[in-house]
Structure formats: C-alpha cells, structure tokens
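If you want the building blocks of each chain, they are given just below.
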Amino acid sequence: MVVSNRLPVHRVVVDDRKGWEISPGGLVSALLPVLQSRPSTWVGWSGTSETDLEPFMHDGIRNQPVPLTSGEIETFYEGFANRTIWPLYHDAIATPTFRRRWWQPYVSVNQRFAKIATDCTSKGGIMWIQDFHLQLVPAMVRHQRPDIRIGFFLHIPFPPPELFSTLPWRRQILEGFLGADVIGFQTRANAANFRTLARRYAGAVIKGRDLIYQGRTIRVDAFPISIDVGRYHHLAESEEVSKKAIDFRRSLGSARKIVLGVDRLDYTKGIDIRLKAFRELLKTNRIGLEDATFVQVAVPSRERVEEYKELHNKVDQLVGEINGTYGEIGRMPVHYIQRNMRIEELVALYLAADVMLVTPLRDGMNLVAKEYVASRKDNTGVLILSEFAGAAQELKSALIVNPHDIEDLSDSINHAITITNAEEVRRMRALRRVVRNNDVFKWADRFLEILER
Ligand code: F6P
C-alpha cells in the first residue's frame, strides 16, 4: 500500500472522454516501476475536485482516490503544504506563512487519507506513506491499526533544528512521523536533524541510528532516492531519441556548446540566479553567441500560489531581457520552454546538451541530475550541481557549485564549456558508476527490506 498526496495518474480528456495518464515528477517515476512488480494499491488525490471517483486499475496498479474539496485544495494543499511546510523545509528561501486556519484542514485531510488507506490494508499489511503532505498519517494509522507495518519517506529536505523549531505545530508534526516503524530521509544530515528534534520536542531517545519512542524502536535513516537507470539507458539508445537529439542540436543553431536546465518552475530551483550567471558571461564577453546556447525547460507548477506566480514573471522577464540585449536575428542566447515534456523529448535534450545545470538553492535529492548522467551513454557531458541538492552527497564528481554565488556559477559554466575531453570523460565515468550502483529498485528494496523485517 502506497499513500501519497497525488495518485500516480492525472485526468486527461480525449475526444470529450475522461481518462487517466501517468503523471510526470520524481515521486511517480521513482515508485511506479517498483509497484508494477508486485500487487499494490496506491492511495492519493486525483488532482481535481471531483468527489465521486471509484477505485480503478491503471497500468497494473489499483488506484484508490481520496477526494479533496476546493476549500481543502486552498488550505491543505496550497496553504499548509505549499506555503508553510515547503518553504520552511527548503531553508526558508521564501518566507513560510504560519496561518492558523490552515492547520485544521491539514489534520482532517491527513485523517481522511489514514482512514481510506487503513480500510484497504489487510491484516499485518505494509503501508508506505510518502512526503510532506501526509506527515500526520503514520501516527493516525498506528492509532487505528497497530497491526500494520508503517514506513514514511520524506522526499524533500528536513530542516535544521533552528528552522524547524519556529513551526507552531512542531510537536504534532514530529509525533505524526513517530507513528512509523521506519522513517526515511534523503540524506544523513536530514535524518540527524530529525533525531535531534524528536528528542527535543517529543521525548524520544537516540540510540545510534534508531529512536526509542513509547517503547518502540524506530529506524531513522538516509535512503537516497534514485531513478530507473535502465529505462533512461534504453531511451538514450533508441533510434527515435537519438534522431530527436540530432534534430534539437540542428535547430539550436551553430553554438559550440548547449547548456541545459530542466526544472519545475519553483523558486527553490535557482532558475533566476542561473540565468543571471549566464547573462554575466555574455555581458563580460567571456562567452559569445557562437560559444554557447542556454536551453531552459521549466514545467509550470502550483500556479495558483503567489510565490510561484512571482517567479514565473521574474523568469519571463529575465529571459526577455537577456535575449533582447544579447540576441541577434535567428540567434538567441536563451531558449525558454515553459511546458511539460515527454520523457523521450527530455532524454533527447539530455543527449543534445554538453552541459547540464542543476543548481537548486535547496533540494531533497534532484532526480534530473541522475537522469542526465544515466542518459550520457558515451561518457561525455558535464554536470554542474548545487552543493545544496541531496544528489551532491553522491555525485561528487560533478562540478559542485554554490548556487547563490553568481561568480562561482558563471566560472563553473565557463569551465564546463571549455573543459578538456579527458576531464569530462573522467568525471562522467565516475558519475555513471555511482548512478548505476544505486537505482530506484535498490532504493525501494532497501527501504522495504527494513520495513518488512
Ligand atoms: O519534490 C516533491 C514533490 O511533491 C514531488 O513528489 C512532485 O513531483 C513535485 O513535488 C510536484 O508537486 P505537486 O504535487 O505540488 O505538483
């Protein structure tokens, strides 16, 4: 049983008929292959305010929809999840909003998820709860059904005590997590933050990597998530994708190097600072249009939330300014695509790109970094990676940057554009080894093995 805010599918309407399609995004691409290999149910919200959806099968998985009213979408999802927890857990890059009227809907939606999920779990079953929308569900499930083995995995960062302590509902959130038998984080630092806070505010006792809480032993550890490496490898080998990569290169013009960014349009991703670093290189004549073209793919996200609207405008403006100032007819320094892309198109872009910029200001893991590496089957390509992405703990052979530092960023882009072939191949080989050795199946096996013990 997997429980997450969203189902792995979303609504599509084709010829006036409603259907479902697999959704993009890290969580889904990570869990789908794992679930397809065993009989499973996924409990989650459909992404709409339809309240009468029946359970249905899609791609071998039973989907159990949880209804959310439009009021709950505003208070639980856009409010508490995306304007309180999301910014707080991402270093308060945007100021977290603590609004008391969002708390009760967060509790009652968590209760609904817990009830629906426990109702479909058999005696002694395994339940794996995902992410920051559902932090209270582990304790709620334990309360109703102590026979269930409960895992919880947080996909986003877990903040240091100084930040987390500001949350008015800190004790309730920690007690929610502590209902689980296994609590997973992306990095060791995240797990250590949690242990410290659980001791401070919930009276748990730290014993190595475990916590002792209310007479139970809870495993709290790092489980760095990954991707389906084989899938990216196969796509990169396919004729369709290779052809598309050549087409992309051709249509991007004659610049020697293609620099790529692929992100959700989110203020944690550092898209604006990255653009400024590229602008700096053009402004100081360290590169010209013939040296590099920057392609930024930004997938619209959480569009009704104010901070996301502001970022949207900021990025539009920057791209316009850079192209207006440094572009020539038929030759633009920045190619900006603001929409979702099919995985085949993405891999083709990964193949076409000489340099991949993954420079979030804070990120739980960042699977795009791993997708790029997995696609670079000829061991070329340079990954520039933020030291504040969870992925930096593993992908140490990338060019590691401080994404807040425009000079560090522009120097690294310049280094990547002018890198020697020997250094490029040495780095990419090492990165590919790391990614191959920990794919998403290993991630899930490791978590489930501990949970099933
Ligand atoms: O990274 C956290 C995450 O919740 C992903 O699992 C998901 O793909 C992404 O953010 C988008 O989130 P939302 O459900 O708000 O569109």
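Residues numbered from 1 in each chain as written. Predicted model: local features only at pLDDT ≥ 70, side-chain atom pairs only at ≥ 80, totals over all residues. Heavy atoms only, no water.

It is worth spelling out the side chain of Asn414 at this point. For Asn414, the location among the structural elements is in helix H14 (residues 406–417). Judged by relative accessible area, Asn414 falls into the buried class, the value being 19%. Apart from the residues within four sequence positions on either side, Asn414 is in contact with Leu281, Arg286 and Ile287. (Helix = DSSP H or I, 4+ residues; strand = E, 2+ residues; numbered from the N terminus. Buried < 20%, exposed > 50% of the residue type's maximum accessible area, 1.4 Å probe, protein only. Contact = heavy atoms within 4.5 Å.)

In this section: the environment of Leu32. Tracing the chain through its elements places Leu32 in helix H1 (residues 26–36). Expressed as a C-alpha distance, the spacing of Leu32 and Val440, which sit 408 residues apart in the sequence, is 9.8 Å.

Two aromatic rings are characterised by how far apart their centres lie and by the angle between their planes. Considering all chains together, one arrives at 28 aromatic pairs under this definition. Relative to Trp169, the ring of Phe80 lies with its centre 5.5 Å away and its plane at 75 degrees, an arrangement referred to as edge-to-face. Taken together, the positions of Phe80 in helix H2 (residues 70–89) and Trp169 in the loop between helix H5 (161–164) and helix H6 (170–177) put the pair 89 residues apart, joining distant regions of the chain. Phe80 gets classed as buried once you look at its relative accessible area, which sits at 0%. Accessibility expressed as a relative area gives 8% for Trp169, which makes it buried. Note on Phe158 and Phe177: the rings are 5.7 Å apart at their centroids and 75 degrees apart in plane angle, and the pair reads as edge-to-face. Of this pair, Phe158 sits in the loop between strand E8 (149–153) and H5 while Phe177 sits in helix H6; the two residues are 19 residues apart in sequence, bridging distant segments of the chain. Both residues of the pair, Phe158 and Phe177, belong to the buried class. Each residue in the set Tyr89, Phe152, Phe158, Phe164, Phe177, Phe185 and Phe194 is aromatic and connected to the rest through ring pairs, giving one cluster. The ring of Phe248 carries the charged tip of Lys244 above its face, separated from the ring centre by 5.1 Å. (Phe/Tyr/Trp six-rings, centres within 6.5 Å; stacked < 30°, edge-to-face > 60°. Lys NZ or Arg CZ within 6 Å of the ring centre and 35° of its normal.)

Judged by nonpolar contacts, the single largest core of 94 residues is most densely connected at Tyr89, Phe158, Ile173, Phe177, Ile183 and Phe194. Each of domain 1 (2–225 + 441–451) and domain 2 (229–437) accounts for three or more of the residues forming this core. Core analysis: the second largest hydrophobic core is formed by 68 residues, Val229, Val241, Ile343 and Ala348 among them. (Core = buried A, V, L, I, M, F, W, Y, C linked by side-chain atoms within 4.5 Å. Domains from an automatic or database assignment.)

With that settled, the discussion passes to the pairing of strand E17 (residues 382–386). Most of E17 is tucked away: 5 of the 5 residues are buried. Burial of E17 is two-sided: the residues Val382, Ile384 and Ser386 facing one way and the residues Leu383 and Leu385 facing the other way are all buried. Sheet topology note: the strand E16 (residues 355–358)/E17 ladder contains 4 bridges and is parallel. By the bridge assignment, Met356 is partnered in E17 with Leu383. Handedness of the crossover joining E16 and E17 through helix H13 (residues 367–375): right-handed. In this sheet, strand E18 (residues 399–401) lies alongside E17 in parallel orientation, the contact comprising 3 bridges. Bridge assignment links Ser386 to a residue of E18, and that residue is Val401. (Pairing = 2+ DSSP bridges. Right-handed = clockwise from strand over helix to strand, strands pointing away.)

Attention shifts here to the pairing of strand E13 (residues 257–264). With 7 of its 8 residues buried, E13 lies for the most part within the structure. Across 8 bridges, E13 lies against strand E14 (residues 292–299) in parallel orientation. Looking at E14, one finds that Leu260 is bridged to Val295. Both E13 and E16 contribute to a ladder of 2 bridges, which runs parallel. Bridge pairing links Leu260 to Met356 in E16.

When you line up the elements, Leu275 lands in helix H10 (residues 271–283). We classify Leu275 as buried; its relative accessible area is 1%. In sequence terms Leu275 and Ile287 are 12 residues apart; their C-alpha atoms lie 14 Å from each other. Apart from residues no more than four positions distant in its own chain, Leu275 is found in contact with Phe294, Val315, Leu318, Val319, Ile322 and Val334.

Turning our eyes to something else, we now look at the pattern of salt bridges. Should the charged atoms of two oppositely charged side chains come close, the side chains can pair. Taken as a whole and judged by the stated rule, the model has 34 salt bridges. Notably, a salt bridge pairs Arg11 with Glu50, separated by 3.1 Å at the nearest N-O pair. Residue Arg11 is found in strand E2 (residues 9–14), and its partner Glu50 is found in the loop between strand E4 (41–45) and strand E5 (56–58); the two are separated by 39 residues along the sequence. A salt bridge links Asp221 to Arg209, with the nearest nitrogen and oxygen atoms 2.8 Å apart. Of the two residues, Asp221 sits in strand E12 (residues 216–222) while Arg209 sits in the loop between strand E10 (205–207) and strand E11 (210–213), which places them 12 residues apart along the sequence. Assessed through its relative accessible area of 6%, Asp221 is described here as buried. Note on Arg209: relative accessible area 45%, which makes it partly exposed. (Salt bridge = Lys/Arg side-chain N within 4 Å of Asp/Glu carboxyl O.)

Spatial ordering of the open sheet is given by E15-E14-E13-E16-E17-E18, a layout of 6 strands whose pairing is parallel. The open sheet has two edge strands, strand E15 (334–337) and E18, and neither has a second partner. Adjacent strand axes in the sheet meet at a mean angle of 20 degrees when their direction is disregarded. On top of the sheet, H14 reaches E13, E14, E16, E17 and E18; it is set at about 170 degrees to E18, its chief contact. (Axes fitted to C-alpha atoms, helices over the stretch in contact; angles between N-to-C directions.)

Note that all results are geometric; they support no functional claim without further evidence.
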